Amino acid sequence: MAAARAGDARALRRVLEMTSGPAFRFGRGFCRDLHDAEDVTQEVLAALVRNLDGFRGDASLATWAYTVARNACARRRRRAGRESLREVPLEGGAGERAPALEIPDPAGDPEREHERAELREALERAIAALPAAQREVLVLRDVEGLPAREVGRILRLGERAVKSRLHRARLGLRSALEPFVRPARADRPPAPARPRAAERAARCPDVALLLSRYLEGELDARVCARLDRHVRDCPRCGAACDGLRAALGECRRLGAQPPPEGVRRAVRQAIRAAVAGMEPRLTPGR
């Protein structure tokens, strides 16, 4: 950012490229369709160029970009008279599906690729079906990987509220993806019964919630040790933990993918236009 403000054209291009992917994914998750997400991405890039001199790092670039994208989506929803984010699918309008994000499978197994495509579509549907407040937190924390404190700054929430919404969103996601994510240990024969195993099973804790809390650093060492012992002894709870981990892994895979090629072309055009508009201030050779 400092180099871009100083007139380095190469640095400006790099900043815009780094901002475009997260802005697109946020726009795609919370705007109506792929075209809206593309427009929001370009709006974020244009706002960044306009405010280049005013950005001093009080918040991270990611926080700033997500805030601009969120506000842009909100304006579009108001203009379109949409009633609720909860009713917004991750699909195009007029019955046209938005292109799925491509997740390459190194194994090249057609059956595995088909399963991966089904899981990807199920993940997008599950995220779209979450209540708006939960969806925002899940996209920022588990798809984009931002820290909980950073998510709170974007959404203007306390860290405790962020984590509360996040736990509920994760449980909803695990439940929705359960038919598509079958943990390996669910197929294993149950372990030999230990004394009072039936009694312990009758009072199983909500291990998926506890795992979510563990991932957010909310459990002390003693609770973690008890949870670990219980999960080893209880196939049902072990499968629940595996299912949540698999669901969150798919979220991260989704966040690691670049926008579709058509969007990338539009973003490259927007970047060229932004750089051209600032040519009097820039040093092309740097």
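In this text the structure is predicted, and so the values were computed from the model without any measurement.

(A) Structural detail: the nonpolar core. Counting 60 residues, the largest nonpolar core has Leu16, Val44, Trp64, Ile127, Leu140, Leu173 and Leu177 as its most contacted members. Examining the composition of this core, we find that nine residues originate from one element, helix H2 (residues 9–30), more than from any other. When neighbours within four sequence positions are excluded, Trp64 is seen to be in contact with Val44, Ala47, Leu48, Asn51 and Phe55. Val207, Leu210, Cys237 and Cys241 belong to the second largest nonpolar core, which has 15 residues in total.

(B) Molecular detail of the environment of Leu140. With respect to the secondary-structure elements, Leu140 resides in helix H6 (residues 132–143). Note: C-alpha distance between Leu140 and Thr63 (77 residues apart in sequence) is 9.9 Å. Beyond its immediate chain neighbours, meaning those up to four positions away, Leu140 contacts Phe26, Tyr66, Gly145, Leu146, Val151, Ile154 and Leu155.

(C) Geometry of the side chain of Arg170. With respect to the helices, strands and loops of the structure, Arg170 is situated in helix H8 (residues 159–177). In this structure the side chain of Arg170 is engaged in a polar contact, spanning 2.8 Å, whose partner is the side chain of Asp142. If we ignore the near neighbours within four places in the chain, the residues touching Arg170 are Leu138, Arg141, Asp142, Ser212, Leu215, Glu216, Leu244 and Leu248.

(D) Representation of the pattern of salt bridges in the model. Within the structure shown, the criterion is met by 11 salt bridges. We note a salt bridge from Glu216 to Arg141, for which the minimum N-O separation is 3.2 Å. In this pair, Glu216 is assigned in the loop between helix H10 (207–215) and helix H11 (221–233) and Arg141 in helix H6, connecting sequence segments 75 residues apart. Comparing Glu216 with Arg141 shows no difference in burial state: the two are buried. Linking Arg253 and Glu250 is a salt bridge whose minimum nitrogen-to-oxygen distance equals 3.9 Å. On the criterion of helical spacing, the pair formed by Arg253 and Glu250 is a turn pair, its members being three residues apart in helix H12 (residues 235–256). Accessibility expressed as a relative area gives 8% for Glu250, which makes it buried.

(E) Just unusual backbone geometry, in detail. Even without a glycine there, the phi angle at Arg156 is positive, about 60°. Considering the arrangement of structural elements, one finds Arg156 in the loop between helix H7 (148–155) and H8.

(F) Structural context of helix H3 (residues 34–50). The terminal C-alpha atoms of H3 lie 24 Å apart, and with 17 residues this matches the ideal 24 Å at 1.5 Å per residue to within 8%. Within H3, burial applies to Leu34, Asp36, Ala37, Val40, Thr41, Val44, Leu45, Ala47, Leu48 and Val49.

(G) Structural detail: the state of the cysteines. Enumeration according to the criterion identifies zero disulfides in this entry. Of all cysteine sulfurs in the structure, the one in Cys237 sits closest to Cys234, which takes part in no disulfide; the separation is 3.5 Å. Its sulfur unpaired, Cys241 is 7.1 Å from the next cysteine sulfur, which belongs to Cys237. When its relative accessible area of 7% is taken as the criterion, Cys241 is described as buried.

(H) Structural view of the packing of H2 against H3. Across the interface, H2 lies against H3 with an axial gap of 8 Å and an inter-helix angle of 140°. When the axes of H2 and H3 are compared, the crossing they make is right-handed. Contact with H2, carried on its side by Val15, Leu16, Thr19, Ser20, Ala23, Phe24, Gly27 and Arg28, involves Leu34, Ala37, Glu38, Val40, Thr41, Val44, Leu45, Leu48 and Val49 of H3 and no other residues of that element. Within the contact of H2 with H3, the residues separate by chemical class into 11 nonpolar, four polar and two charged.

(I) Expanded view of the packing of H2 against H6. Across the interface, H2 lies against H6 with an axial gap of 11 Å and an inter-helix angle of 160°. Classified by the angle between their axes, H2 and H6 sit roughly antiparallel to one another. Here the hand of the crossing between H2 and H6 comes out right-handed. Residues Phe26, Gly29 and Phe30 of H2 form the contact with H6, whose own contacting residues are Ala132, Arg135, Glu136, Val139 and Leu140. In the contact of H2 with H6, the residues fall into five nonpolar, one polar and two charged.

Cut-offs applied
- Residues numbered from 1 in each chain as written.
- Predicted model: local features only at pLDDT ≥ 70, side-chain atom pairs only at ≥ 80, totals over all residues.
- Heavy atoms only, no water.
- Core = buried A, V, L, I, M, F, W, Y, C linked by side-chain atoms within 4.5 Å.
- Buried < 20%, exposed > 50% of the residue type's maximum accessible area, 1.4 Å probe, protein only.
- Helix = DSSP H or I, 4+ residues; strand = E, 2+ residues; numbered from the N terminus.
- Contact = heavy atoms within 4.5 Å.
- Polar contact = N/O pair within 3.5 Å; in protein donor to acceptor, adjacent residues only side chain to side chain.
- Salt bridge = Lys/Arg side-chain N within 4 Å of Asp/Glu carboxyl O.
- Expected span 1.5 Å × (residues − 1).
- Disulfide = S-S within 2.5 Å.
- Axes fitted to C-alpha atoms, helices over the stretch in contact; angles between N-to-C directions.
- Left-handed = near helix turned anticlockwise from the far one by under 90°.
- Nonpolar A, V, L, I, M, F, W, Y, C, P; charged D, E, K, R; others polar.
- Parallel < 35°, antiparallel > 145°, perpendicular 65-115°, else oblique.

So, to be careful, I would describe these as geometric facts and stop short of saying anything about function.
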